[in-house]
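Structural features, examined
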Amino acid sequence: METTVRANAWDDPRWQASAHAWASERLSERGTPPTGPIEEARMRPWSVTHRVPTTAGVAWFKANTPRCAYEAGLAASLAAWAPGHVLAPLAVDASRGWLLTADAGPTLRALVAKDRLLPTWTAMLQSYAALQRDLAAHAPEMLTLGVPDHRPQHLPARLTALLADPRIQADLGTDRRAAVEKVVPDFADWCTELAAGGIPATLQHDDLTDANVFPAGGGFLFFDWGDSSVAHPFGSLLVAIGFAAYLLELDPGAPELSRLRDAYLEAWTDLAPLTDLRRAASLACRVTRVSKALAWQRALHDPAVPVDPDFRTAVADWLAELPEPPLL
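In this section: unusual backbone geometry. Positive phi, close to 75°, is recorded for Asp206, a residue that is not glycine. Mapped onto the secondary structure, Asp206 falls in the loop between strand E7 (202-204) and strand E8 (213-216). Since its relative accessible area comes to 3%, Asp206 is described here as buried. Although it is not a glycine, Glu249 adopts a positive phi angle of roughly 55°. The residue Glu249 is located in the loop between helix H9 (237-248) and helix H10 (255-265) in this model. The exposure class assigned to Glu249 is exposed, which follows from its relative accessible area of 63%.

Time to look at the packing of helix H6 (residues 155-163) against helix H11 (residues 274-299). Interhelical geometry of H6 versus H11 gives an angle of 55° and a closest axis separation of 10 Å. Our classification of the angle between H6 and H11 gives oblique. Handedness of the crossing formed by H6 with H11: left-handed. Two secondary-structure elements touch here, H6 through Leu155, Arg158, Leu159 and Leu162 and H11 through Val287, Val290, Ser291, Ala293, Leu294 and Gln297.

Before going further, it helps to examine the nonpolar core. When a protein is soluble and globular, its nonpolar side chains tend to lie buried together. With 76 residues, the main nonpolar core has Phe187, Phe222, Phe234, Tyr264, Val290 and Leu319 as its most contacted residues. Here the element with the most residues in this core is H11; it accounts for 12 residues. Leaving out residues up to four positions away in the same chain, Phe234 has contacts with Ile199, Tyr264, Leu265, Trp268, Leu277, Ala280, Ala281, Ala284 and Cys285. Counting 15 residues, the second-largest nonpolar core is a separate cluster that includes Leu27, Ala59, Phe61 and Trp98.

Our next topic: the layout of surface pockets. By volume, the largest pocket amounts to about 1,100 Å³. Contributing to the lining of the largest pocket are 41 residues, with Arg42, Lys62, Asn212, Phe223 and Asp224 lying nearest its centre. Taken together, the elements giving at least two residues each to the lining of the largest pocket come down to strand E1 (39-44), strand E2 (47-54), strand E3 (57-64), helix H2 (70-81), strand E5 (98-102), H11 and helix H13 (314-320). Considered class by class, the residues forming the lining of the largest pocket number 20 nonpolar, nine polar and 12 charged.

With that settled, consider the packing of aromatic side chains. For the coordinates displayed, the defined rule picks out 16 aromatic pairs. Taking the centre distance of 6.2 Å and the plane angle of 55° together, the rings of Trp15 and Phe61 count as tilted. Here the residue Trp15 occupies a position in helix H1 (residues 13-29), and Phe61 occupies one in strand E3, the gap between them amounting to 46 residues. Both residues of the pair, Trp15 and Phe61, count as buried. On the basis of an interplanar angle of 75° and a centroid distance of 5.6 Å, the ring pair of Phe61 and Trp98 is categorised as edge-to-face. You can see Phe61 sitting in strand E3 and its partner Trp98 sitting in strand E5, a full 37 residues away along the chain.

What follows covers the sheet that holds strand E10 (residues 229-231). With mixed pairing, the three strands of this open sheet are ordered in space as E6-E10-E7. Since the sheet does not close on itself, it has two edges, and those belong to strand E6 (149-150) and E7, each with one partner. Note that E7 and E10 share three bridges and pair antiparallel. Of the residues in E10, the one forming a bridge with Thr202 is Ala231.

Reading guide: rules and limits
- Residues numbered from 1 in each chain as written.
- Predicted model: local features only at pLDDT ≥ 70, side-chain atom pairs only at ≥ 80, totals over all residues.
- Heavy atoms only, no water.
- Helix = DSSP H or I, 4+ residues; strand = E, 2+ residues; numbered from the N terminus.
- Buried < 20%, exposed > 50% of the residue type's maximum accessible area, 1.4 Å probe, protein only.
- Axes fitted to C-alpha atoms, helices over the stretch in contact; angles between N-to-C directions.
- Parallel < 35°, antiparallel > 145°, perpendicular 65-115°, else oblique.
- Left-handed = near helix turned anticlockwise from the far one by under 90°.
- Contact = heavy atoms within 4.5 Å.
- Core = buried A, V, L, I, M, F, W, Y, C linked by side-chain atoms within 4.5 Å.
- 1 Å grid on protein atoms, 1.4 Å probe; cavity = no way out; pocket = protein on both sides within 12 Å on 5 of 7 lines; lining within 4 Å.
- Points joined across faces, edges and corners; volume = space filled by probe spheres on them.
- Nonpolar A, V, L, I, M, F, W, Y, C, P; charged D, E, K, R; others polar.
- Phe/Tyr/Trp six-rings, centres within 6.5 Å; stacked < 30°, edge-to-face > 60°.
- Pairing = 2+ DSSP bridges.

Below, the structure is given as structure tokens:
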């Protein structure tokens, strides 16, 4: 039976039976079989997550749509390349985009009080930057696994393709489309500058927040790689700094945000002066809006799947931010 299916088939009892049988078999092989019914915990257009009670605690089964299916194989490889720094899966079926993980407890978002956010995020971003540096050597292998290639030299062509899509054009509307098209030449220049800057491409999370990080033994375990790409590393700051500003209720340009950026950039100061790194971070956050649009395009690629109105125009909405300056 074919089990790599569209998201709207995740309600199909036959698909659920196949997925649950796979999860049960993998857990039983580990000596921790399910102890109760496997139940759906969350469904989105791009993935579904099921809760699996076991003799060793809760396990989590996740399935992605074909365009996001690379997460399973990537998660397994990351566990081998960076043990102790990423959430290691219990089992994967890379061909079907299936991933099984143990419950790692509360995320940072659930644990850290607001008065501890700044030092916690500082440490988290430094740990993440070190992880990116270690993973840069594996960029070719990540591309082989199907991780999207969002290196700066490829983004101008990707932007052109997005702007040629009639649905995206309609969602942008006349004024927003004109504003984005006006910065297309500048965008190409930004990408050229980033590609020539000497910072190696590596894994770019694209959704780096405290909800996708677990505390672990004084360090951090990073997870949820369904939006990730091989790209300029500093692009991860787009979401991270934006979400930190939201949590800390900070305005653009706030000194606390600059300190977070500089803490992240410390890991890269052997490659370029800090002033150059700051410039690259600003450019990377700007061009990564196209990466975000591409991630949403992958997630929402199946027109037969019902989409929440909050998500439907996400591709165009990220593109519409391209003319705006970054937070830093």
